[in-house]
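Architecture and fold: a report
Read off the chains here:
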Amino acid sequence: MIRELEKARHFKEKLKRNELCLAAQIGLADASIAEIFGRAGYDWLIIDTEHGAHSSLTVKAMLQAAVATNAVALARPLRLDADEIRRFLDLGSPGVFCPFVNTGTEARLLVDACRYPPYGIRGWGPRRAGGYEFDNEEYTKLANDSMICIPIIESVTAVENIDEIVAVDGIDGAVIGPMDLSFWLGCFRQFTDPSYLAAVEKVRAACQRHGKALGTGCYSAEHAVSCAQAGYSLLLVAGDESFLSGGAKRQVAELRSVAKK
């Protein structure tokens, strides 16, 4: 588990250097997916407990599978909940990718939930994170400085408060959630709408002012390329469900069209 903290610190350094970090999100519950995405070369993996069918056991299995790869695996909790976050950290997630962080106060809570006292409120009991007591001492010494804290910006309130969110010490960056944000702006999936573009620009400018990594969920391959060229660091570009459904639909359509000829 100490290697997982080393991977996390390396990831944090990459963000400070504004290096591109590609993410794949896992909604299905088979840990093989974490191995596949990790072996494919994604920099970080998101274990989506907010929308996916994950339990503590499947989260643990995903984290165990990612150990054999160079990818950093992070839990995405259901909500900003210090108790839920503590459980994921104790299972070995080196931080969290947290939905609906809307204020600076909530961003501070996110960071505090990931750190032991006196720098936070995390209760001690690392279990798997501490190597089942083999690495407790070293883990406890290294954990605070290794935790990755990334809020998802997906509401009008979060955009309004973006400066105070990314100003919090311990926040590594901010990732725009385009679907929910466009919903809140009244322009669902209309990503060229002026209100959406203005919100994105406000987040980008705040991240630049405060020296924090900027990211987004990517809604198309073209969007991912344009964001990479624009200097975004944190790009959520893949998902197991979308890969599987997209590949299946393409194959069926191609073979049906051939059969009709």
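The paragraphs below set out a description of the structure included in this document. (Residues numbered from 1 in each chain as written. Predicted model: local features only at pLDDT ≥ 70, side-chain atom pairs only at ≥ 80, totals over all residues. Heavy atoms only, no water.)

**Things to note about the pairing of strand β6 (residues 173–176)**
What you see with β6 is no split at all: G173 and V175 on one side and A174 and I176 on the other are buried throughout. The pairing of strand β5 (residues 148–153) with β6 spans two bridges and is parallel. By the bridge assignment for β6, I153 is matched with I176. The pairing of β6 with strand β7 (residues 213–217) spans four bridges and is classified as parallel. In the sheet register, G173 faces β7, and the bridge partner there is A213. (Buried < 20%, exposed > 50% of the residue type's maximum accessible area, 1.4 Å probe, protein only. Helix = DSSP H or I, 4+ residues; strand = E, 2+ residues; numbered from the N terminus. Pairing = 2+ DSSP bridges.)

**Some details on the side chain of K212**
As for its placement among the helices and strands, K212 is situated in the loop between α10 (194–210) and β7. It turns out K212 is buried and unbridged, and the closest side chain with the opposite charge, D169, is 6.0 Å from it. Within the structure, K212 has its side chain in polar contact with the backbone oxygen of V168 (distance 3.0 Å). When sequence neighbours within four positions are dropped, the list of residues in contact with K212 reads V166, A167, V168, I171, D172, G173 and C207. (Lys, Arg positive; Asp, Glu negative; His and termini not counted. Salt bridge = Lys/Arg side-chain N within 4 Å of Asp/Glu carboxyl O. Polar contact = N/O pair within 3.5 Å; in protein donor to acceptor, adjacent residues only side chain to side chain. Contact = heavy atoms within 4.5 Å.)

**Details of a nonpolar patch on the surface**
Among the surface-exposed residues, F183, W184 and F188 lie close enough to one another that they form a single nonpolar patch of about 350 Å² accessible area. Position of F183 relative to the elements: it lies in helix α9 (residues 178–184). (Patch = residues over 30% accessible without salt bridge, like charges linked within 9 Å, V, L, I, M, F, W, Y side chains within 5 Å. Areas by Shrake-Rupley, 256 points an atom, 1.4 Å probe, with all protein chains shown as cover.)

**Quick look at the packing of aromatic side chains**
Evaluated as defined, the whole model comprises seven aromatic pairs. Their ring planes at 70° and their centres at 6.0 Å tell us that F37 and F243 sit as a pair that is edge-to-face. Taken together, the positions of F37 in helix α2 (residues 32–40) and F243 in helix α12 (residues 240–260) put the pair 206 residues apart, joining distant regions of the chain. Exposure remark for F37: the relative accessible area of 6% places this residue in the buried category. You can call F243 partly exposed: its relative accessible area is 44%. A ring pair is formed by W44 and F97, whose centres lie 5.4 Å apart and whose planes are at 80°; its orientation type is edge-to-face. Taken as a pair, W44 in strand β2 (residues 44–48) and F97 in strand β4 (residues 95–98) lie far apart in primary sequence, 53 residues in all. Given the relative accessible area of 0%, W44 is considered buried. (Phe/Tyr/Trp six-rings, centres within 6.5 Å; stacked < 30°, edge-to-face > 60°.)

**What about the environment of L236?**
With respect to the helices, strands and loops of the structure, L236 is situated in strand β8 (residues 234–239). Once the C-alpha coordinates of L236 and W44 are considered, the two residues, 192 residues apart in sequence, prove to be 9.0 Å apart.

Function cannot be read off these values alone, since they describe shape.
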